Amino acid sequence: MSESVNVLLVEDDAVIRRAVGLMLERYGYTVASADDGLAGLELFRAGGHDLLLLDVMLPGLDGIGLCRRVRETSLVPILMMSARGDSLDVVGGLEAGADDYVVKPVESPVLVARIRALLRRATFTRAEPAVDGQSVLTFGDLTLDTDGLEARVAGEPVVLTPTELRLLLEFAAHPGMVLERQTLLRNVWDYGWDGDSRVVDLCVQRLRKKIGAERIETVRGFGYKLVR
């Protein structure tokens, strides 16, 4: 998984930047680093990065702003790092388009596991059989091609990040069925442990904006379901 994978690390703390960079290189990743958001944006625009690892608190352009700028042109996997892990950092990063987040300090195996999960989501091809034997599913004005991995609303293509696409495919495989947040964390985010359900909530929120708020229903105290 780590072979030929280029990670862009943007972290203003020199000690943390060096420690994380060396750790990722020991796992076989190629790491480019920057110490502020604007420098990170320039490196990103130079191209060639498979995953971005962004600190929230950065000088010049903070991590949330950098994430938004990246999402204007790219679906590259983004993992945010927060020193506090408070709601503002987490919600801000996920709303900006990040796929996941970790709280610093983070243990090496945990960080690498999250990176590997992100890369798997970004490079997957559909290996499951088509839902109910069909490759094109229709839910109102939403159509989903499970072979071509494309979604359309009222005939217009919808641009989804790999995580949003996996989430939609999971809902489409179980239309009308309530899916609990922890189930979605396991099946979509590839968590082998209990995770922060805010990751699910914010991704659902982003997906609703793209396919229609009424298409995914909240079942309070349980989770979400795709409306048939």
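Structural data are supplied above this passage.
Note that the structure is a prediction, hence the values are computed from the model and not measured.

What counts and what doesn't
Residues numbered from 1 in each chain as written. Predicted model: local features only at pLDDT ≥ 70, side-chain atom pairs only at ≥ 80, totals over all residues. Heavy atoms only, no water. Axes fitted to C-alpha atoms, helices over the stretch in contact; angles between N-to-C directions. Helix = DSSP H or I, 4+ residues; strand = E, 2+ residues; numbered from the N terminus. Parallel < 35°, antiparallel > 145°, perpendicular 65-115°, else oblique. Left-handed = near helix turned anticlockwise from the far one by under 90°. Contact = heavy atoms within 4.5 Å. Nonpolar A, V, L, I, M, F, W, Y, C, P; charged D, E, K, R; others polar. Pairing = 2+ DSSP bridges. 1 Å grid on protein atoms, 1.4 Å probe; cavity = no way out; pocket = protein on both sides within 12 Å on 5 of 7 lines; lining within 4 Å. Points joined across faces, edges and corners; volume = space filled by probe spheres on them.

**Points about the packing of helix 2 (residues 37-46) against helix 3 (residues 63-71)**
As a packed pair, helix 2 and helix 3 sit with axes 10 Å apart at the nearest point and diverge in direction by 20°. What the angle tells us is that helix 2 and helix 3 run roughly parallel. When you trace helix 2 past helix 3, the crossing you get is right-handed. Residues Gly37, Gly40, Leu41, Phe44 and Arg45 of helix 2 form the contact with helix 3, whose participating residues are Leu66, Arg69 and Val70. Taken together, the residues of the contact of helix 2 with helix 3 sort by class into 4 nonpolar, 2 polar and 2 charged.

**Regarding the sheet that holds strand 10 (residues 179-180)**
Strand order in the open sheet formed by 3 strands is 10-12-11, and the pairing between neighbours is antiparallel. Of all strands in the sheet, those with a lone pairing partner are strand 10 and strand 11 (216-219), marking the two edges. Of the strand pairs in this sheet, strand 10 and strand 12 (residues 223-226) are connected by 2 bridges, and their pairing is antiparallel. Counted as the bridge partner of Leu179 is Tyr224 from strand 12. Its contacts with the sheet put helix 6 (residues 162-173) on strand 10, strand 11 and strand 12, and the angle it makes with strand 12 is roughly 75°. Contacting strand 11 and strand 12, helix 8 (residues 198-211) runs over the sheet at an angle of about 145° to strand 11.

**Quick look at empty space enclosed by the protein**
With the rule as written, the count across this model stands at 1 cavity of 30 Å³ or more. By volume, the largest cavity amounts to about 40 Å³. Along its surface, the largest cavity is lined by Val56, Met80, Met81, Ser82, Asp89, Val90, Gly93, Leu94, Tyr101 and Val102. Of all elements in the fold, only strand 4 (78-82), helix 4 (87-95) and strand 5 (100-103) reach the threshold of two or more residues within the lining of the largest cavity. At 4 residues, helix 4 tops the list of elements feeding residues into the lining of the largest cavity. When its residues are assigned to classes, the lining of the largest cavity shows 7 nonpolar, 2 polar and 1 charged.

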